[in-house]
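As a plain string of letters, each chain reads:
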Amino acid sequence: MTQKKLLIALAGNANVGKSVIFNYLTGLHQHIGNWPGKTVERAEGTLHYKGYTIDIIDLPGIYSLSTYSLEELVSRKYITVERPDIVINVVDASVLERNLFFTLQLMELETPMVIALNQIDMAKSKGIQIDVKKLEKLLGVPVLPTVAVKGVGITKLLEKAIETVEKGAVEKHPRAIYGEEVEERIEKLMPMLSNIHLLYPQRYAAIKLLEGDEEIEQEVSRIDKQIVAAAKKLADEIRSLHGHACSTVITSERYELAGCIARNAQKLVSPIKPTWSERLHNITTHRIGGYIVLASSLLLIFYAIFTFGGYTSELLNNFFYEWEPLVKGAVGAGIASELLWGGVIEGIIAGTTIVLPYIIPFYLILYFLENSGYLSRIAFLMDNVMHKMGLHGKAFIPLMLGYGCNVPACLGCRIMETHRERLLAAFVTTLVPCAARTVIILGLVGNFLGFQWALGLYVFNLVMIFALGRLAFKVVPGEPTALIMEMPDYRLPHAKTILKQTWFRVAEFIKIAFPLIIAGSLVLKLAEIAGLLEPITGVLSPVTVAWLGLPAVAGITLIFGILRKELALIMLAALLGTTNFALVLTPVQMVVFTLVAMFYIPCTATIAALVREFRWKKALFITVFEIVFAIFLGGIAFRLLTLFM
Amino acid sequence: MEKRDLENREVPLTALKDKETGKVTSIKAGRGIGRGKGWGFEKRLMDMGLTPGTEVTVVKSAPFHGPVEVLVRGSRLALGRGMAERIFVEIKP
């Protein structure tokens with residue numbers, strides 16, 4: 001018997017528990033990547049159930065099916081082009097009205113669907129009781145109550161989805177009915193669309209044409225420009241009738257309908273008293289208390305990660321290097337063994353000593369904060385500051401991540417809405433001194449010049465981030481940014497979901513970073529064996545010696561630093577023959593070297609992340625810019641500092 | 001009873017004090033008409049439920065001209081200051 005196939009898409013607002021349901025259904029059979037050519041995450045998984053092989057796709061969390069953000073466009077295209085057998089619309093029972101606004105739009109796409117009425121327990125504790133049967137009747141779509149974090153109702157949801165598919169196509173799709181003036185004009189448009197072939201259902205296309213949806217206008221005008229003109233005329237009629245733009249009228253009416261259904265299906269019982277979630281919200285967004293909580297949590301997190309990371313990283317290093325004589329002994333001396341150990345294995349060690357001690361704890365904490373709802377509060381508190389560099393509050397999160405490692409930080413820029421914001425945020429993020437650069441700052445300047453110098457460099461770095469962020473904001477064309485964000489209720493995060501999200505992120509990191517780190521190590525090792533390092537030092541010396549005032553060997557160390565920033569310092573010690581840098585470097589040289597190391601290039605893994613998110617051209621541009629900028633800055637610093645020190 | 005002279009007039013959302021409620025009258029998207037600058041914001045605000053006639057309650061503002069926290073249609077939104085200044089409301093008497 002051949003396996004029957006089924007394609008299910010999960011759709012809904014952000015923070016409604018979609019990913020929890022997704023993780024519950026698919027277990028470890030997941031694949032997380034990007035949508036082709038887009039910086040939008042695409043999570044797919046497989047499940048076997050009752051003789052079906054079910055592919056599940058988790059669409060991005062969105063509030064509308066217009067084309068404001070990449071996520072919305074991607075989701076809409078997916079539902080109309082790939083035509084999943086059924087869409088499971090995950091709805092937050094405690095914010096029914098807003099969620100149904102999205103449901104109504106999904107219904108307009110005339111896709112078969114069932115609704116998962118999630119977090120009914122939270123709704124209940126907020127005093128909201130929902131009559132599921134009534135909601136089902138009002139919408140004309142099956143509704144199943146679920147509590148995803150506890151796994152309640154998920155099996156029934158899946159069975160209902162399968163049952164709905166098996167029953168086959170419905171005669172008449174349930175739909176949202178608008179006001180008379182709008183309906184009349186939809187009716188007028190529909191016959192014009194009946195002869196042309198569109199991806200979208202006729203009624204949906206008619207509504208979207210009235211709303212002035214650019215993407216659908218383009219598609220229709222390729223076939224018949226007259227229809228678009230007619231739609232514009234009809235939309236103008238509505239504008240003069242209502243005094244608002246037609247898209248505003250339609251959105252309003254859709255929300256009214258959602259509100260009406262919500263009010264009919266839900267009953268507010270107990271008077272709303274402040275729950276623990278409410279109290280926590282008040283503290284964490286308080287004008288003074290909020291910042292105190294934020295600062296102390298960040299300090300605690302970084303302190304914990306760096307202490308844990310430093311300790312584990314050293315432990316791992318020692319463990320790996322114990323094997324060196326054994327491996328080299330087994331392969332025998334010679335070029336092969338040099339390449340194997342110095343290239344491949346040291347590359348793997350380099351990667352592992354970053355991933356285990358730093359990346360994993362980082363992601364665990366990040367996802368804990370995200371799933372609990374705290375990240376949106378951080379964005380709220382920091383919006384103001386981020387605006388100074390042309391970004392909005394959400395960008396603080398990748399920036400914060402950057403202090404740990406730039407790679408997850410670059411990938412984390414996906415939380416920004418538009419491509420432009422993502423690019424700007426990623427650029428700024430690569431300037432943040434990550435854990436590896438912290439090793440250099442503290443190990444060189446901090447150790448030999450004193451803590452205040454290290455601190456000074458961090459402050460200087462922040463100033464530069466602001467300045468360059470602002471500059472990039474002015475240079476890159478596009479709309480200004482602004483924060484519009486839902487702050488969901490606090491909730492206890494689901495441990496399994498956090499673990500899985502972390503696992504898949506780490507896997508992604510390994511996939512992106514490891515091949516490059518290993519390849520990089522190999523190339524450097526080859527260059528060393530071929531005796532190319534000496535000539536390179538010579539070629540670089542006009543920059544390193546004449547312009548930056550550093551010892552000639554610094555050039556090589558900075559090249560190794562591209563692989564992994566802290567290698568720059570390790571190599572410097574090796575080449576200068578001492579770890580007591582005070583003997584071989586002047587204070588000015590220390591500052592200049594650290595400054596250059598701080599800015600001069602994203603490491604290979606970060607470049608790979610940039611390429612993946614923004615393609616070669618932009619990644620290359622950022623890389624070249626940072627090299628030039630760091631050298632420029634270092635030279636200036638060398639000249640200025642020589643006057644004082 | 002003292003009456004605030006803001007009543008029944010269109011004011012930006014940022015003129016509301018904490019805990020005050022207003023009804024959205026319009027969103028001034030900024031320079032240009034139609035799809036110029038800021039069109040995307042207007043659409044997005046609408047999609048988040050800030051359509052004309054909707055009641056909005058200001059919960060609090062972040063310090064130093066930070067974003068505004070509002071309650072709209074039973075959910076809690078954070079709106080950047082610049083954005084909130086473009087949302088015009090009528091204060092409920």
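Residues numbered from 1 in each chain as written. Chains lettered and ligands numbered in written order. Predicted model: local features only at pLDDT ≥ 70, side-chain atom pairs only at ≥ 80, totals over all residues.

Caption draft 1: Representation of the overall build of chain A. Counting its regular elements, chain A contains 28 helices and 10 strands. For chain A, the C-alpha radius of gyration of 28 Å lies close to 26 Å, the compact-globule estimate for 645 residues. Here the C-alpha coordinates of chain A stretch approximately 85 × 55 × 55 Å along the principal axes. For chain A, the residues scored as buried account for 48% of the 645 residues in total. Relative to all contacts within chain A whose residues are 6 or more apart in sequence, the contacts with residues 24 or more apart total 72%. (Helix = DSSP H or I, 4+ residues; strand = E, 2+ residues; numbered from the N terminus. Rg over C-alpha atoms; globule rule 2.2 N^0.38 Å. Buried ≥ 20, exposed ≤ 12 C-beta atoms within 10 Å, placed from the backbone. Contact = placed C-beta atoms within 7 Å.)

Caption draft 2: Focus on the overall build of chain B. For chain B, the helix and strand inventory stands at two helices and six strands. Taking all 93 residues of chain B together, the buried fraction comes to 46%. Put simply, 63% of the contacts in chain B that link residues at least 6 apart link residues at least 24 apart.

Caption draft 3: Spatial organisation of the domain arrangement of chain A. Here chain A is described as being made up of domain 1 (4–167), domain 2 (180–268) and domain 3 (526–644). Each of domain 2 of chain A and domain 3 of chain A was reduced to a C-alpha centroid, and the two centroids are 58 Å apart. (Domains from an automatic or database assignment.)

Caption draft 4: Seen up close, the sheet that holds strand β2 (residues 21–27) of chain B. Read across the sheet, seven strands follow the order β10(A)-β5(B)-β4(B)-β3(B)-β2(B)-β6(B)-β1(B) without closing on themselves; strand pairing throughout is antiparallel. Taken across any chain shown, the strands that pair with only one partner, and hence form the sheet edges, are β10 (484–486) of chain A together with β1 (10–12) of chain B. For this sheet the average axis-to-axis angle between neighbouring strands, irrespective of direction, equals 40°. Relative to strand β5 (residues 75–79) of chain B, strand β4 (residues 68–72) of chain B runs antiparallel, the two sharing five bridges. Its bridge partner being in β5(B), Glu69(B) is matched across the sheet by Ala78(B). (Pairing = 2+ DSSP bridges. Axes fitted to C-alpha atoms, helices over the stretch in contact; angles between N-to-C directions.)

Caption draft 5: View of the environment of Ala472(A). Summarising the element assignment, Ala472(A) is placed in helix α21 (residues 451–475). The spacing of Ala472(A) and Trp616(A) is 144 residues in sequence and 18 Å in space, taken between C-alpha atoms.

Caption draft 6: Fine view of the nonpolar core. Residue and element names in this part refer to chain A. Ranked by internal contacts, the top residues of the largest apolar core, which has 214 residues, are Ile88, Val407 and Val596. By residue number, the principal contributor to this core is helix α15 (residues 335–372), which donates 12 residues. Setting aside residues up to four positions removed in sequence, valine 407 forms contacts with Phe509, Ile512, Ala513, Ala605, Thr606 and Ala609. (Core = buried A, V, L, I, M, F, W, Y, C linked by C-beta atoms within 7 Å.)

Caption draft 7: Expanded view of the packing of helix α8 (residues 202–211) of chain A against helix α9 (residues 214–223) of chain A. All names here are of chain A. α9 packs onto α8 with a crossing angle of 110° between their chain directions and a minimal axis gap of 8 Å. Between α8 and α9, the interaxial angle falls into the category roughly perpendicular. Crossing geometry of α8 relative to α9 is assigned as left-handed. Facing α8, whose interface residues are Ala205, Lys208 and Leu209, α9 presents Ile216, Glu217 and Val220. (Parallel < 35°, antiparallel > 145°, perpendicular 65-115°, else oblique. Left-handed = near helix turned anticlockwise from the far one by under 90°.)

Caption draft 8: Expanded view of helix α25 (residues 567–576) of chain A. Residue and element names in this part refer to chain A. For α25, the complete set of buried residues consists of Leu567, Ala568, Leu569, Met571 and Leu572. At its buried positions, α25 is contacted by α20 (435–448), α24 (554–563) and α27 (587–599). Glycine 577 occupies a position one or two residues after α25 and carries a positive phi of about 75°.

Caption draft 9: Highlighting the environment of Gln129(A). Residue and element names in this part refer to chain A. By secondary structure assignment, the location of glutamine 129 is in strand β7 (residues 128–130). The exposure class of glutamine 129 is partly exposed, given the 14 C-beta atoms found within 10 Å. Considering only alpha carbons, one finds glutamine 129 and serine 313, 184 residues apart in sequence, at a separation of 51 Å. Ignoring any residue separated from it by four or fewer positions in sequence, one finds glutamine 129 in contact with Lys124, Gln266, Lys267 and Val269.

Caption draft 10: Molecular detail of the interface of chain A and chain B. Opposite the 30 residues of chain A that make contact, chain B presents 30 residues. Elements that contribute at least two residues to the side of chain A that touches chain B include exactly α3 (96–108), α11 (246–265), α16 (374–387) and β10 of chain A. Sort the elements by how many residues they give to the side of chain A that touches chain B and α11(A) lands first, with six residues. Residue composition of the side of chain A that touches chain B, grouped by class: 12 nonpolar, 12 polar and six charged. Pairing of β10(A) with β5(B) involves three bridges; the strand directions are antiparallel. Counted as the bridge partner of Ile484(A) is Leu79(B) from β5(B). (Nonpolar A, V, L, I, M, F, W, Y, C, P; charged D, E, K, R; others polar.)

Caption draft 11: Looking closely at the pairing of strand β4 (residues 52–58) of chain A. Residues and elements named next belong to chain A. In this structure, strand β1 (residues 4–12) lies alongside β4, joined through seven bridges in parallel fashion. Counted as the bridge partner of alanine 9 is isoleucine 57 from β4. The hairpin turn running from strand β3 (residues 41–49) into β4, its antiparallel successor, is two residues long, and lysine 50 in that turn takes a positive phi close to 45°.

Caption draft 12: Representation of the confidence of the model for chain B. All names here are of chain B. On average, chain B scores 81 in pLDDT, and the residues at 70 or more come to 78%. Taken as a whole, residues 31–37 scores under 50 in pLDDT and shows six contacts with residues more than four places along the chain or in a different chain. Scoring the predicted complex yields pTM 0.87 and, for the interface, ipTM 0.88. (pLDDT = per-residue confidence, 0-100.)

Caption draft 13: Summary view of unusual backbone geometry. All names here are of chain B. At lysine 19, a residue that is not glycine, the phi angle is positive and equals roughly 75°. Accessibility expressed as a C-beta count within 10 Å gives 10 for lysine 19, which makes it exposed. Phi is positive for phenylalanine 64, close to 55°, though the residue is something other than glycine. Mapping phenylalanine 64 onto the fold places it in the loop between β3 (55–61) and β4. Phenylalanine 64 sits in the exposed class, given 9 other C-beta atoms within 10 Å.

Caption draft 14: Broad picture of the environment of Pro325(A). Structurally, Pro325(A) is set in helix α14 (residues 324–331). It is 36 Å that separates the C-alpha atoms of Pro325(A) and Leu364(A), two residues lying 39 residues apart in sequence.

Caption draft 15: Broad picture of the confidence of the model for chain A. In the predicted model, chain A carries a mean pLDDT of 89, and the fraction of residues at 70 or more is 98%. At the level of individual helices and strands, chain A shows its lowest average pLDDT in strand β2 (residues 30–34) of chain A, which scores 72, and its highest in strand β8 (residues 143–146) of chain A, which scores 97.

Caption draft 16: Spatial organisation of the packing of α15(A) against helix α22 (residues 495–529) of chain A. Residues and elements named next belong to chain A. Where α15 contacts α22, the two axes come as close as 7 Å, and the packing angle between them is 155°. Relative to α22, the element α15 lies roughly antiparallel. Crossing of α15 over α22 shows right-handed handedness. Residues that form the contact of α15 with α22 fall into these classes: 22 nonpolar, nine polar and four charged.

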